[in-house]
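# Results of the structural survey
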Amino acid sequence: MLQISLLLLIASIWFPGATRIAGTDGSFSFLLALCCATISMASYGDLARRVHRTEAAVAAALLSTAGLIIILSLVSMLYTGNPMRTMRAVFAQVFGFATIPAIAVISAKPNGSVVVDRLVTAMIVMSVATACLVIVGLGGAKFADRAAGYFKHANQLGIAMSAGLPLLAARLVIARKHRLLLFGCLVAVLLGLVKSGSKTNFVVGVIGLGLFFALYAIYLAVRRQRPLTIIAGAVAAPLVLQGALFILQSLNPRAYRLLTTQLSGGEAHSIISRERLWSISIDLGLAHPFTGVGAGQPIGDIAPHSHNLFVEYFRTLGVPGVALIAVLVLIVMIYLIGAVIATLRGKGRSTYSTGANVMVLGTSVCVWNYLLANQMSDSFGPSTAPFFWIPLALLIAYRNVQRSIQAGAEGSDRAFAGVMPHAVRTLRT
């Protein structure tokens, strides 16, 4: 039941505009999230002993912080102008309760890594399907110079596409067959990102892709494996970057022109408008330093949010809100960096599973992409929050799988060492 609910949740988050109830985007996804949260929290206590203490502590810290943000958001209903919009911040945090305990519980079960891989496959399939719909221009995914797909805004589609790229890249490098198909899917998602017209997410997505392959090259170099692959990757990297820019220039000239203007130091309209939004948002936060203007509140008739994660929480929930979101991001970054370093430093094939190692790197880049994109784009809205929580939950699950494999290997080594003295004595007699 839990696995089916998660798969349905993953499918629904790619079509928030098509899964609305009573005119609210993503309502069906939220109902599924509540279902997943209820089931997983009920069963988490029984299986928590199988989750490594580090992952359990990180999950507890993240969910405690998210819970405090929910409480603060609900309290803001008492003084805000539009109380119903405070639920936007609540919805965004509920996805954490829906995914982190659920996927941790699944990973702790026997053969749980297979089910976790299935969830990754569902994310990949949906990213490719959405990208193809955007490329073809079916339904609400029609393209002019920006495409929102089945999201409300093009930036949200860009965030979703940039979350799919590292997962596809990770699956591509560990696949033993269908590599050509996976490479085609990677190109399709990159094209979907180009069609979105989101300059920020195009840069984040391409840099994130390069970051993943750089981490994978270090991973191979530490283990002294596949030197030709490392050399070929170093040669291909600048060619791939040039190819991505050529695709952007060919398929979305406006986005390419604005991007090159920004990179050359020129003043682009989007940067100027964001600076104005940040200035107005900071002034509103300073005017209400302890309470903010209320969770989820728009900036008058100018914009629905501040286009920066920390500025948004300062504006809407004051100093307590920005402190909580800073703590949440800090926990994630410490855990993410620790997971990547531990994975890169692991020596030999017997230490960890190669598949789990590579997926740790891929999901880490997904989380990094989301956090980076939210400094200029969507401010942790309920339509994109699942693209933060699901990769983070997958990262925690794969770290748990890594530790389980390591513990099993060390147990085998200890058992082998315990048998050896007896065997030697037997041979001597």
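Computed from a predicted model, the values in this text were never measured in an experiment.

## Focus on unusual backbone geometry
Look at His-178: it is not a glycine, yet its phi comes out positive at around 60 degrees. As for its placement among the helices and strands, His-178 is situated in the loop between helix 6 (154-174) and helix 7 (179-196). By relative accessible area, which is 53% here, His-178 ends up exposed. The backbone of His-307 shows a phi angle near 60 degrees, a positive value even though the residue is not glycine. Note on placement: His-307 falls in the loop between helix 11 (269-287) and helix 12 (309-345). Using a relative accessible area of 13% as the deciding quantity, one classes His-307 as buried.

## A short note on helix 12
For helix 12, spanning 37 residues, the distance from its first C-alpha to its last is only 32 Å, which falls clearly below the expected 54 Å at 1.5 Å a residue. Maximum bend of helix 12: about 140 degrees, positioned at Leu-317, with proline Pro-320 one to four residues after it. For helix 12, the N-terminal cap is Asn-308; the gap from its side-chain oxygen to the backbone nitrogen of Phe-310 is 3.1 Å.

## Digging into a nonpolar patch on the surface
The grouping of Leu-68, Ile-71, Val-75, Leu-78 and Tyr-79 at the surface amounts to a nonpolar patch, some 510 Å² of accessible area in total. Within the secondary structure, Val-75 is located in helix 3 (residues 53-75). Since its relative accessible area comes to 41%, Val-75 is described here as partly exposed.

## Some words on the state of the cysteines
A full pass over the atoms with the stated rule returns 0 disulfides. Between Cys-185, a cysteine without a disulfide, and Cys-132, which holds the nearest cysteine sulfur, the sulfur-to-sulfur distance is 7.4 Å. By relative accessible area, Cys-185 is classed as buried at 15%.

## Quick look at the confidence of the model for the protein
Here the protein averages 80 in pLDDT, and 79% of its residues register 70 or above. Below a pLDDT of 50 lies the segment residues 348-352, which in the model reaches 12 contacts outside its immediate sequence neighbourhood of four places, other chains included. Long-range and interchain partners of residues 412-429, a stretch whose pLDDT sits below 50, account for 0 contacts in this model, where long-range means more than four residues apart.

Rules of the game
Residues numbered from 1 in each chain as written. Predicted model: local features only at pLDDT ≥ 70, side-chain atom pairs only at ≥ 80, totals over all residues. Heavy atoms only, no water. Helix = DSSP H or I, 4+ residues; strand = E, 2+ residues; numbered from the N terminus. Buried < 20%, exposed > 50% of the residue type's maximum accessible area, 1.4 Å probe, protein only. Expected span 1.5 Å × (residues − 1). Bend = angle between axes of the 7 residues up to and from the residue. Polar contact = N/O pair within 3.5 Å; in protein donor to acceptor, adjacent residues only side chain to side chain. Patch = residues over 30% accessible without salt bridge, like charges linked within 9 Å, V, L, I, M, F, W, Y side chains within 5 Å. Areas by Shrake-Rupley, 256 points an atom, 1.4 Å probe, with all protein chains shown as cover. Salt bridge = Lys/Arg side-chain N within 4 Å of Asp/Glu carboxyl O. Disulfide = S-S within 2.5 Å. pLDDT = per-residue confidence, 0-100. Contact = heavy atoms within 4.5 Å.

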